[in-house]
Structures are given as C-alpha cells and as structure tokens.
Amino acid sequence: MSSQRENPEYFDREYLEKLQLEKLRQVLERVYHKVPFYRETFRAHKVRPENVKSLKDLEKLPFTTREDLRAGYPYGFLACSLSPLVRLHTSTGTTGKPKAVLFTQKDIAQAAQLITRCIRMTGARPEDVFQNMMSYGLFTGGLIFHYGAERAGLLVIPGGTGNTERQIEMMHDFKATIVHITPSYALYLAEVMERMGFSPRDDFSLRIAYLGAEPYSHATKGRIEEIFSLDAYDSYGLSEMNGPGVAFECKEKQGMHLWEDNFIMEIVDPETFEVRRNGEEGELVLSTINREAMPILRYRTGDLTHIYPEECRCGRVHRRISRIKGRVDDMFVLRGVNIFPSEIERVLMSLPEVGRNYQIVLERKGGLDHMKVRVEIKKEFFGGSFEDLKILQNKIKAKFKVELMVTPQVQLVEPATLPRATGKAIRLIDKREI
Ligand code: ADP
Ligand code: ZN
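For the structure given in this document, a descriptive report is provided here. Small disclaimer: the values here were computed from a predicted structure and weren't measured.

### Points about the coordination of the zinc ion (ligand 2)
Cys250 (SG), His257 (NE2), Cys312 (SG) and Cys314 (SG) make up the full set of protein donors to the zinc ion (ligand 2), lying at 2.1 to 2.3 Å. Its 4 donor atoms give the zinc ion (ligand 2) angles of 101 to 120° at the centre, a pattern that matches the tetrahedral case. Of note, the donors binding the zinc ion (ligand 2) are all from one chain and are spaced C-x6-H-x54-C-x1-C. Of this pair, histidine 257 sits in strand E9 (residues 256–258) while cysteine 312 is found in the loop between strand E13 (307–308) and strand E14 (320–321), placing the two residues 55 residues apart along the sequence. Classification of cysteine 312 by relative accessible area gives buried; the value is 7%.

Right under this line is the structure:
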C-alpha cells in the first residue's frame, strides 16, 4: 500500500479519489475567497464550497467557458497577488483577445513534472536527444515541454518551428532521437528531408515522436511512424490547463492517460451539458486541482472524446481518453450531415494513393452547399494516364459516400502543391455566407 501512495501513477483508485476530493475542496475555498468571478457565479448558482461533499457534487458547480476566460483577461482569474507570478502563456487563438494563463514558480514546476512523467512513460532516457519542434514563446508547447524534458535529463534542442532545413541538419548531426511536433509539420518535415536528399527512415536516429496540438487521424499517425520508422505517441493539452502534459499515451497506445491527480475530468453532452457516465462521447470538462495562480473549475474544453472506463494494461490508475475527434465548434453541417474535418482526414489517409496533404473547401452555389476536397496524390500514382486519375477520383468519392454519406467534388493535385503548416494546419476553408 505504501508504495502505491508514493508513485502517483500507480495510486489505487480509492486513494486517488480521496485525494481529488480533498484538493478540490481546498481549491473551492480559495477561489471563493480570492476570485470574484467564482464567488459571483457560485452565488448565482446558490452553491458554497461546503456544499461539495463528494466528487459527484462537482456537478452542482457552474461551468467556466472560453468566453468567461476572455472576459476575465488579463488578471480576472488570478487567485494570488502579482509577486509569486513568474510566467505568462496564451492560447494560439487567432481572433479576439487571447486566453491568458499565469503561472507561479510552483505551477511551472508542476507542469514540468507532468511532462517528465509523460516522456518517461514512453521510455525516454537521459541519453536521449530531444528536438522540440513546437513554437517557443507565448504558446505552451515550446517552453512547458522544454522544462519537462530538461527536468528528465534529456539533451534538449529548442528548435521551435520553421527554419526547417537548418533543423534537419541539427537533427541529423546531433542524432536527435525524440521529436515533439504537430502531425502536419511532421509530414512537411519528411518532405523537406527528401528534397534535401535524405531518407527520413535511414539517415536519422529518431525513435520516438510526440504528436499533438491539433486533431489528426490514427491513419496519419501510422503514416508518420512508417515514414520515419519510429514510435508515435499522442499528446494532449491546452493552454488553459498548463498546455501539454494533460493526457498522454503510454506504451500500450490505447488512449491517453489523463493525469487525474492534477485534473478532474468529466464528459458532458455538448448540447444539454449533462454529465455522461458510460464511456459515451462528449465534451471534455476539466477542473485543475493542483494549480496555484489560476485554478479553473469545470472548464469546457470544446474537445470531443470519450473515457475508457476499464483499467489500462500498463496498470496506471489514471483513466484514459480516446483520440480527440475535434472541437465541438469545428463541426460543420453539409446538407444536413454533421461532419468533423478529422473524419475527412480518416477517409483520405486510409487510401494508399493519397499523399500527405489535403484541403477542404465549402461553397454555396445556387442555394446548395458543396464540398470540394483538394487532395495531393503520391508521386508514383501521379504519372498515370488521365483515365487512371479519373478512376482514382471516383474511388475517393465512393469511399466518402460509404463512410460519411456525402459525395464531395474531388480535385487531385500534384505532391507538395498545397499550402504547408509549421504549426497547426488550417485544413478547412468555409466560403459559405451565413
Ligand atoms: P487554441 O485554443 O488557441 O488552439 P491551444 O494552443 O491551447 O489553444 O490548443 C489547445 C487545443 O489543441 C485543444 O483544446 C485541442 O483542441 C487541440 N489539441 C491539443 N492536443 C491535441 C491532440 N493530441 N489531438 C487533437 N487535438 C489536440
Ligand atoms: Zn497505460
């Protein structure tokens, strides 16, 4: 029993939940007294911290939304004074005010510790050379991951994004073994390597990739593993919850362990907001229970996933979430059918002829919605005759019809002709007028 209490990854469930409740109650007391937003919304919902007597009572509390965080910009959610603060990060959102997250020294240490836990779980060792190809600066993917990797004793190359040829040279010369990268940048990276005359499989020492920050399909993950000959692990996080290190795949690669000693998770129906308990899909809601500067309660992440209720074969107590299907607001409706861009990717990447990039364009013509999918085709399939291309186009259309019940217009394009992303990819262009 005592060893179970020493390593938080292997706590027993009962102990973990006891700890969660204890920490939650402390957080509630603090925010009630220190954060006017929480005091006011608790009052409006007629709840007081002492009304939360069990984990289930969390449901009595109101949600915190992105709009709330934006309205609280810059310091509205702070539960401490300015003096213990050491760091500011923001979300990558492109419109409106960003969501700002503030950290104390202890918060940074805690976030780094979670990253250390994640990367050790995948077999990273102090002799590994780790190239962090996520944006440094306000985005959490660079610095937060960096601190955790250093803490684990890895040699860290803070590559950031862009400057790709230079990064490839360093990756080659310093024999980087682990990379942290967005899936879209990973595919672009392979392309540039090939252009430079390298083989992504044979000329580098990569053995592990951490892929995250944007939705991608299982098929894309498989392709990245194949192209570079490495093990890819899914990594989930969001700035509001420290950034990366919220949930991470273990070696079993059957979903991501969400660190329940730091976050309490719930899955809610995205429309009614009722809590779903049976492993059904819904919106992930997270409460921080280990954060000093900016505790956030019942945060609606907007991300769709489900919980695997059964214990993982690795024996860790923290429950797993499934690959993120996308954001609730990424979904678009095409002639009455609800579609997530990630489903389109899944269909495309399951076809061997399809290359590494695609784009979805939505248009309205004559009152009707049309979807055009522009798809890069692999070099070896492009040389063929017009007839062959026509057959391929029809094959892709038919696959969409069977799998998603929509028939897009399919435009085949040459490899490496669609726009590339070094950060998060923009796949969907919606030209329809509201
Ligand atoms: P922004 O909300 O501006 O994109 P972040 O940079 O904090 O801010 O991005 C966090 C979001 O990125 C998550 O809410 C989720 O939608 C997406 N994301 C992060 N990791 C993954 C992942 N492994 N799979 C799918 N989506 C992810
Ligand atoms: Zn596991």
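### Overview of the packing of aromatic side chains
Considering all chains together, one arrives at 15 aromatic pairs under this definition. Between the aromatic rings of tyrosine 38 and phenylalanine 77, the centroid separation amounts to 5.7 Å while the plane-to-plane angle is 80°, which identifies the pairing as edge-to-face. Of the two residues, tyrosine 38 sits in helix H3 (residues 36–44) while phenylalanine 77 sits in the loop between helix H4 (66–71) and strand E1 (85–90), which places them 39 residues apart along the sequence. Summarising the aromatic geometry, the rings of tyrosine 185 and tyrosine 188 are spaced 6.2 Å apart at their centres and angled 25° between planes, so their arrangement reads as stacked.

### Quick word on the pattern of salt bridges
The full count for this structure, using the stated rule, is 36 salt bridges. The salt bridge involving glutamate 281 is made with lysine 325; its shortest N-O contact spans 3.3 Å. Here the residue glutamate 281 occupies a position in the loop between strand E10 (263–268) and strand E11 (282–288), and lysine 325 occupies one in the loop between E14 and strand E15 (326–327), the gap between them amounting to 44 residues. The class of glutamate 281 is partly exposed, set by a relative accessible area of 32%.

### Things to note about the side chain of glutamine 131
Examined against the element boundaries, glutamine 131 turns out to sit in strand E3 (residues 129–132). Take glutamine 131: its relative accessible area is 0%, and that puts it in the buried class. What glutamine 131 contacts, discounting residues up to four positions off in sequence, is Ile157, Gln167, Met170, Met171, Ala176, Ile178, Val179 and His180.

### A word on the pairing of strand E12 (residues 299–305)
When you tally the buried positions in E12, you get 6 out of 7 residues, the bulk of the element. As judged from the 4 bridges shared by E11 and E12, these two strands associate in the antiparallel manner. When the bridges of E12 are listed, glutamate 283 appears paired with leucine 304. Bridge count between E12 and E15: 2 bridges; the pairing is antiparallel. From the neighbouring strand, aspartate 303 faces E15, where its bridge partner is arginine 327.

### A closer look at the sheet that holds E3
Overall, mixed pairing links the 9 strands, which are arranged E4-E3-E5-E6-E7-E8-E9-E14-E13 in an open sheet. Either end of the sheet is taken by a strand with one partner, and the two such strands are strand E4 (155–157) and E13. Sheet topology places strand E5 (residues 178–181) next to strand E6 (residues 208–212); 4 bridges connect them, and they run parallel. Of the residues in E6, the one forming a bridge with isoleucine 178 is isoleucine 208. The sheet strands contacting helix H8 (residues 183–195) are E5 and E6, and the helix crosses E5 at an angle near 120°.

### Details of the packing of helix H7 (residues 164–173) against H8
As a packed pair, H7 and H8 sit with axes 10 Å apart at the nearest point and diverge in direction by 80°. Taken together, H7 and H8 sit at an angle that is classed as roughly perpendicular. Counted together, Thr164, Glu165, Gln167, Ile168 and Met171 of H7 and Tyr185, Tyr188, Leu189, Val192 and Met193 of H8 form the full contact between these two elements. When the residues that make up the contact of H7 with H8 are grouped by side-chain class, the tally is 7 nonpolar, 2 polar and 1 charged.

### Here we look at unusual backbone geometry
Cis geometry is adopted by the peptide bond preceding proline 74, which originates at tyrosine 73 and carries an omega value of 0°. Relative to the assigned elements, proline 74 resides in the loop between H4 and E1. Phi angles above zero are rare outside glycine, and arginine 335 is one such case at about 50°. At alanine 416, a residue that is not glycine, the phi angle is positive and equals roughly 60°. Examined against the element boundaries, alanine 416 turns out to sit in the loop between strand E20 (409–413) and strand E21 (428–430).

### What about the pairing of strand E7 (residues 231–238)?
Counting buried positions along E7 gives 6 out of 8 residues, so the element sits mostly inside the fold. Taken together, the 5 bridges between E6 and E7 define a ladder with parallel strand orientation. Residue pairing for E7: tyrosine 210 is matched across the bridge by tyrosine 233. Bridge count between E7 and strand E8 (residues 243–249): 3 bridges; the pairing is antiparallel. Counted as the bridge partner of leucine 238 is glycine 243 from E8.

Definitions and cut-offs
Per chain, residues are indexed from 1 in the order of the written sequence. Both sets of labels track the order of writing: A upward for chains, 1 upward for ligands. For a predicted model such as this one, the threshold for reporting local features is a pLDDT of at least 70, and the threshold for listing and counting side-chain atom pairs is 80 or more; totals across whole chains, interfaces and linings nevertheless cover every residue. By convention in this description, side-chain values take in all heavy atoms of the structure and omit both hydrogens and water. Water is not among the atoms examined, so metal sites may look incomplete; donors are the N, O and S atoms within 2.8 Å of the metal, or within 3.2 Å for Na, K and Ca. Only two sets of limits are used to name each site, 85 to 135 degrees for every angle of a tetrahedral four-donor site, and over 155 degrees for opposite donors with all other angles from 65 to 115 for a square planar four-donor or octahedral six-donor site, with any other site named irregular. Strands here are runs of E lasting at least two residues and helices are runs of H or I lasting at least four, both read from the DSSP assignment and numbered beginning at the N terminus. Buried residues are those whose accessible area, probed at 1.4 Å on protein chains only, stays under 20% of the maximum for their type, while exposed residues exceed 50% and partly exposed ones sit between those limits. Aromatic pairs are defined between Phe, Tyr and Trp rings, using the six-membered ring for Trp, whenever the two ring centres lie within 6.5 Å; interplanar angles under 30 degrees are classed as stacked, those over 60 as edge-to-face, and all others as tilted. In the sections that follow, a salt bridge refers to a side-chain nitrogen of Lys or Arg positioned within 4 Å of a carboxyl oxygen of Asp or Glu. When checking whether two residues touch, look at their non-hydrogen atoms; a contact exists if any pair is within 4.5 Å. A pair of strands is labelled paired if DSSP reports no fewer than 2 bridges between them. Interaxial angles span 0 to 180 degrees and are taken between N-to-C directions of axes, which are lines fitted to C-alpha atoms, for helices over the stretch in contact. Roughly parallel means an angle under 35 degrees; roughly antiparallel, over 145; roughly perpendicular, 65 to 115; everything else is oblique. Just so you know the grouping, Ala, Val, Leu, Ile, Met, Phe, Trp, Tyr, Cys and Pro go in nonpolar, Asp, Glu, Lys and Arg go in charged, and all remaining residues, Gly too, go in polar.

The analysis is restricted to geometry; functional conclusions fall outside its scope.
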